[in-house]
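Close look at the chain arrangement
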Amino acid sequence: MFFEEMVEMVDILKRANYDGKYGPYLNPNVRKAKIMTKNVKSLHRNFGVRRSTEQLRKHWSDLKLRKQDQYRRIKKVLLKREKRLAPSEDTRNPPPPEEGEQSIVVPQDVEEGEVEEVLEFGTTTGDVQVVVPKSSHFTSDSAQWITQETMFCSHDLDIIKEKTKEIEQRLRNMIDVLGRI
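The residue numbering used here restarts from 1 in each chain and proceeds along that chain's sequence as written. Given that this is a predicted model, residues contribute local features only at a pLDDT of at least 70 and side-chain atom pairs are listed and counted only at 80 or more, while totals for whole chains, interfaces and linings are drawn from all residues. Excluded from the side-chain calculations are hydrogens and water; all other atoms, namely the structure's heavy atoms, are used.

The protein appears in an unreviewed UniProt entry as Myb/SANT-like DNA-binding domain-containing protein from Aquarana catesbeiana.

Spelled out as structure tokens, the structure:
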């Protein structure tokens, strides 16, 4: 099982409280079966792999009991993802620009006449400008994070391409059938 798949699996299981740490449930086994079925569907939809519920239960058990270091790494990735997706309480930042709109971001700690290095990363919602001071360096942790994000995006793009091909083929088949009528 790939790391990205395990991250997705753990994310779903944690959010759904699979282990039942947050309260007694009337039918815990039925509840767990539903959560695991949801997990199977999510892995198939996002990664194109079919895993049985038994396989996923075993992976979950192994992660918690035998592969605790890997489980900690997964939890760190999920924590970083959570922090990144959490709404910022910083009111100084303006709302993101509308699609097609250009915006110029001037950091508050940069004085007039000072030059800072600006790196641009394209996103699906618009352009983001990241200001990196000259004295700072990318750490191996941030490089690893960027690499992981790139891998996730690349994988998502591959899935989208695959789904697009499937839809195109269905449309061709429907056109052929309609042409025969």
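Turning to the nonpolar core, a few remarks are in order. Ranked by size, the top nonpolar core spans 20 residues in total, and within it M9, V10, L13, W60, L63 and I74 carry the most contacts. Those elements giving two or more residues to this core turn out to be helix 1 (3-15), helix 2 (28-47), helix 3 (53-65) and helix 4 (68-85). Element by element, the count of residues in this core is highest for helix 1, at six residues. Residues belong to a common nonpolar core when they are buried Ala, Val, Leu, Ile, Met, Phe, Trp, Tyr or Cys residues joined through side-chain atoms within 4.5 Å. Burial classes follow relative accessibility: with a 1.4 Å probe on protein chains only, a residue under 20% of its type's maximum area counts as buried, one over 50% as exposed, and anything between as partly exposed. Counting from the N terminus, the helices are the DSSP runs of H or I reaching at least four residues and the strands are the DSSP runs of E reaching at least two.

With that settled, consider helix 3. The end-to-end C-alpha separation of helix 3 is 18 Å, in line with the 18 Å expected for 13 residues at 1.5 Å each. If you check which residues of helix 3 are buried, you get L56, W60, D62 and L63. Seen along its axis, helix 3 keeps its buried residues to an arc of 165°; they face one direction. Facing away from the buried surface of helix 3 by more than 90 degrees, the exposed residues are E54 and L65. The contact criterion used is simple: two residues touch if any of their non-hydrogen atoms lie within 4.5 Å. As for helix 3, its buried residues are in contact with helix 1, helix 2 and helix 4. Working rule for helices: expected span equals 1.5 Å times residues minus one. Read the arc as the range of directions from the helix axis to the C-beta atoms.

Turning our attention to the environment of L56. Topologically, L56 is positioned in helix 3. Considered as a pair, L56 and V10 are 46 residues apart in the sequence and their alpha carbons are 10.0 Å apart. Not counting chain neighbours up to four residues away, the residues in contact with L56 comprise M1, M9, M36, N39, V40, L43 and R51.

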